[in-house]
Amino acid sequence: MNASTYFKTENAERYLGTLCKHFGHKVPVSLEPGAGHIELPFGQCDLRADTDGLRLTATAADTPELDKTIQVITNHLERFAFRENPELTWSRTEPTGA
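As the structure is a computational prediction, the values presented were derived from the model and not from experiment.

A. Local environment of the side chain of Thr74. The topology assignment puts Thr74 in helix H2 (residues 63-80). On the basis of relative accessibility, which here comes to 11%, the residue Thr74 falls in the buried class. A polar side-chain atom of Thr74 sits 2.8 Å from the main-chain carbonyl oxygen of Ile70. Not counting the four nearest positions on each side in its chain, Thr74 is found in contact with Leu88 and Trp90.

Okay, here's the thing in C-alpha cells:
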C-alpha cells in the first residue's frame with residue numbers, strides 16, 4: 001500500500017536533506033541531490049525535491065503500518081518546516097488485484 005503528498009515550498013531540497021539526516025541517525029537512509037529514501041521499521045518513504053516543492057511517497061505492508069509511516073513523516077516535516085505550516089493531504093493508492 002502507498003500514499004503520496006506534495007508540499008509546495010521553495011525549501012524542498014533543504015527539508016529533504018533535514019529529514020534524511022535526522023532519520024539517518026536511527027534507520028537506513030539514502031540521500032542524493034533531489035531525492036531521498038527513508039527505511040523505517042514499519043514502512044518507507046521516498047522523497048523527491050523539485051523547484052516548486054517536495055513529493056513524499058510512503059509505502060507499507062498494510063493500512064496500520066502505512067498510517068504510522070505517514071504520521072511519523074508528517075510529524076517530523078511539520079516540526080522542521082514549522083515556519084511554513086505545512087498542511088499535508090495524503091492520497092492513498094489501493095493495491096491492484098486485491
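B. Spotlight on the pairing of strand E1 (residues 2-8). Covered by surrounding structure in E1 are Ala3, Thr5 and Phe7 only, the residues Asn2, Ser4, Tyr6 and Lys8 on the alternate face being uncovered. Sheet topology note: the E1/strand E5 (residues 53-59) ladder contains seven bridges and is antiparallel. Directly across from Phe7, in E5, lies its bridge partner Leu54. Pairing between E1 and strand E6 (residues 91-93): three bridges, direction antiparallel. Counterpart to Ala3 in the pairing with E6 is Arg92.

C. Examining the environment of Met1 more closely. When you line up the elements, Met1 lands in the segment before E1. Put simply, Met1 and Gly43 are 42 residues apart on the chain and 9.7 Å apart in space, counted from C-alpha to C-alpha.

D. How the structure looks around the sheet that holds E5. The antiparallel open sheet is built from six strands, whose spatial order is E2-E3-E4-E5-E1-E6. The open sheet has two edge strands with one neighbour each: strand E2 (29-32) and E6. Taking each pair of neighbouring strands and ignoring which way they run, the sheet shows an average axis angle of 15 degrees. As paired elements, strand E3 (residues 35-40) and strand E4 (residues 43-49) share six bridges and run antiparallel to each other. By the bridge assignment for E4, His37 is matched with Asp46. Seen against the sheet, helix H1 (residues 12-23) touches E1, E2, E3, E4 and E5 and runs at an angle of roughly 150 degrees to E2.

E. Geometry of the nonpolar core. Within the largest apolar cluster, 27 residues are counted, with the highest numbers of intra-cluster contacts made by Ile38, Leu47, Leu54 and Leu56. At the level of secondary structure, the elements contributing two or more residues to this core comprise E1, H1, E3, E4, E5 and H2. Looking at this core, the element that brings in the most residues is H1, giving six residues. Setting aside chain neighbours within four positions, we find Leu56 in contact with Ala3, Ser4, Thr5, Leu19, Cys45, Asp46, Leu47, Ile73, Leu77, Leu88 and Trp90.

What counts, and at which threshold
Numbers given for residues are sequential positions, taken from 1 along each chain in its written order. Two thresholds apply to this predicted model, a pLDDT of at least 70 for residue-level local features and 80 or more for giving and counting side-chain atom pairs, whereas whole-chain, interface and lining totals are computed over all residues. The side-chain values count all of the structure's non-hydrogen atoms but skip hydrogen atoms and water molecules. A run of H or I in DSSP becomes a helix once it reaches four residues, and a run of E becomes a strand once it reaches two; helices and strands are each numbered from the N terminus. Each residue is placed in one exposure class: buried if its accessible area under a 1.4 Å probe, protein chains only, is under 20% of its type's maximum, exposed if it is over 50%, and partly exposed if it falls in between. In the analysis that follows, any N or O atom pair within 3.5 Å is treated as a polar contact, provided that within protein one partner can donate a hydrogen and the other can accept it, and provided that, for residues neighboring in sequence, both atoms belong to side chains. Any two residues whose heavy atoms approach within 4.5 Å are treated as being in contact. Pairing between strands is defined by DSSP: at least two bridges between the two strands are required. To define axes, lines are fitted to C-alpha atoms, for helices over the stretch in contact only, and angles between the resulting N-to-C directions are given on a 0 to 180 degree scale. The term nonpolar core refers to a set of buried residues drawn from Ala, Val, Leu, Ile, Met, Phe, Trp, Tyr and Cys, joined through side-chain atoms within 4.5 Å.

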